[in-house]
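Residue-level structure breakdown
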Amino acid sequence: MHPLRHPRNVLIIGAAFVSLAALFALGAVPLGYKIEWAGVTMLAALGIAMALMAYVLIAGSSRD
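In this text the structure is predicted, and so the values were computed from the model without any measurement.

**Let's talk about helix α1 (residues 8–28)**
For α1, spanning 21 residues, the distance from its first C-alpha to its last is 29 Å, which sits close to the expected 30 Å at 1.5 Å a residue. Of the positions making up α1, those classed as buried are V10, G14, A21, A25 and A28. Elements that come into contact with the buried residues of α1 comprise α2 (37–60).

Written out as structure tokens, the structure is:
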């Protein structure tokens, strides 16, 4: 059995930041801004890190 009852919740947390990075990258040019690739990269990395940390915290917590 999987350690999480609903592993999709962890994916939602990570996908929120990754989609924000994509929105930031795709929306910059039409709005007249220069794409800051460092910001896009950091938001995507933050999404991966948040999903991984949420998984670790939930999987390691007690089942109370």
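**Re the environment of V56**
Note on placement: V56 falls in helix α2. Note: C-alpha distance between V56 and V10 (46 residues apart in sequence) is 9.8 Å.

**Describing the environment of I58**
Relative to the assigned elements, I58 resides in helix α2. I58 sits 51 residues away from P7 along the chain, and the two C-alpha atoms are 9.5 Å apart.

**Considering α2**
Helix length check: α2, at 24 residues, gives a terminal C-alpha distance of 34 Å against a target of 34 Å (1.5 Å per residue), a fit within 8%. By the burial criterion, the buried members of α2 are V40, G47, A51 and A54. Looking at the buried residues of α2, the elements they touch are α1.

**Focus: the nonpolar core**
Listed in full, the 5 residues of the largest apolar core are A21, A25, A28, I35 and V40. For this core, the element with the most residues is α1, which contributes 3 residues. With near-sequence residues (within four places) excluded, V40 lies in contact with A21, F24, A25 and I35.

About the thresholds
- Residues numbered from 1 in each chain as written.
- Predicted model: local features only at pLDDT ≥ 70, side-chain atom pairs only at ≥ 80, totals over all residues.
- Heavy atoms only, no water.
- Helix = DSSP H or I, 4+ residues; strand = E, 2+ residues; numbered from the N terminus.
- Expected span 1.5 Å × (residues − 1).
- Buried < 20%, exposed > 50% of the residue type's maximum accessible area, 1.4 Å probe, protein only.
- Contact = heavy atoms within 4.5 Å.
- Core = buried A, V, L, I, M, F, W, Y, C linked by side-chain atoms within 4.5 Å.

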